[in-house]
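Observations on the three-dimensional arrangement
As a plain string of letters, each chain reads:
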Amino acid sequence: TGSGKSTLLQLVPRLYDVTAGSLRIDGIDVRDYSLAELRSIVAVAFEDTTLFSSSVRDNVLLGAEPASGAEAEKVLSEALEVAQAQFVYSLPDGVDTLIGEEGLSLSGGQRQRVALARAIAARPTVLIMDDPLSALDVRTEELVEHRLREVLADTTTLVVAHRPSTVSLADRVALMQDGRI
């Protein structure tokens, strides 16, 4: 806690800018991408989620660019399934249910799963996950992680996690302490 893990991850989508050295994606410094271009290839799922006062559908498909209505439904369905967020179908208006400001009508785990579905639906080149499964029960987390391994096989994923089970998603692990790896 407090070692700088989250701050380090926030450099990738330029929520903070690098002040020394460089951070590169495919050999290109993140500062050389326009913000729009960078954020079209990088998706984030944070522990403290940001959801918008809109429908579940709009929240999940925000940032995704499906070509047609049928493709949008396929992307939405797959993302919700991977994030184990099928509970949305039982909401009063299903995926068209308005979830209210910051998604406060949902539990913490439900908000995290909708936000993770949004990150997955964007089909990013780089996925940033900052402890996005912390509010999930162990069984749901296991189901999400199993599907994430399949869906993200070709996606560079940077994960900050405290649970050993989430850390097990990684091919490589770095331990940060006092801002140093």
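For the structure, see preceding data.
Remember, predicted model here, so these are calculated numbers, not experimental data.

1. Quick notes on the sheet that holds strand β5 (residues 156-160)
Spatial ordering of the open sheet is given by β3-β4-β5, a layout of three strands whose pairing is parallel. Of all the strands in the sheet, just β3 (42-46) and β5 have a single pairing partner and so form its edges. Put simply, the sheet's adjacent strands are angled 10° from each other on average, direction ignored. As judged from the five bridges shared by strand β4 (residues 126-130) and β5, these two strands associate in the parallel manner. Its bridge partner being in β5, Met129 is matched across the sheet by Val159.

2. A look at the environment of Asp29
Along the chain, Asp29 turns up in strand β2 (residues 28-29). Separated by 17 residues in sequence, Asp29 and Val12 have C-alpha atoms that sit 9.8 Å apart. Of the polar contacts made by the side chain of Asp29, one reaches the backbone nitrogen of Arg31; its length is 2.8 Å.

3. Looking at helix α6 (residues 138-151)
Its 14 residues place the ends of α6 20 Å apart at the C-alpha level, agreeing with the 20 Å of an ideal helix rising 1.5 Å per residue. Within the sequence span of α6, burial applies to Thr140, Glu141, Val144, Glu145, Arg147 and Leu148. Check the buried side of α6 and you find it contacts α4 (69-82), α5 (108-121), β4 and α7 (164-167). The N-terminus of α6 is capped by Asp137, whose side-chain oxygen sits 3.1 Å from the backbone nitrogen of Arg139.

Calculation notes
- Residues numbered from 1 in each chain as written.
- Predicted model: local features only at pLDDT ≥ 70, side-chain atom pairs only at ≥ 80, totals over all residues.
- Heavy atoms only, no water.
- Pairing = 2+ DSSP bridges.
- Helix = DSSP H or I, 4+ residues; strand = E, 2+ residues; numbered from the N terminus.
- Axes fitted to C-alpha atoms, helices over the stretch in contact; angles between N-to-C directions.
- Polar contact = N/O pair within 3.5 Å; in protein donor to acceptor, adjacent residues only side chain to side chain.
- Expected span 1.5 Å × (residues − 1).
- Buried < 20%, exposed > 50% of the residue type's maximum accessible area, 1.4 Å probe, protein only.
- Contact = heavy atoms within 4.5 Å.

So far we have only geometry, and geometry alone does not tell us how the molecule works.
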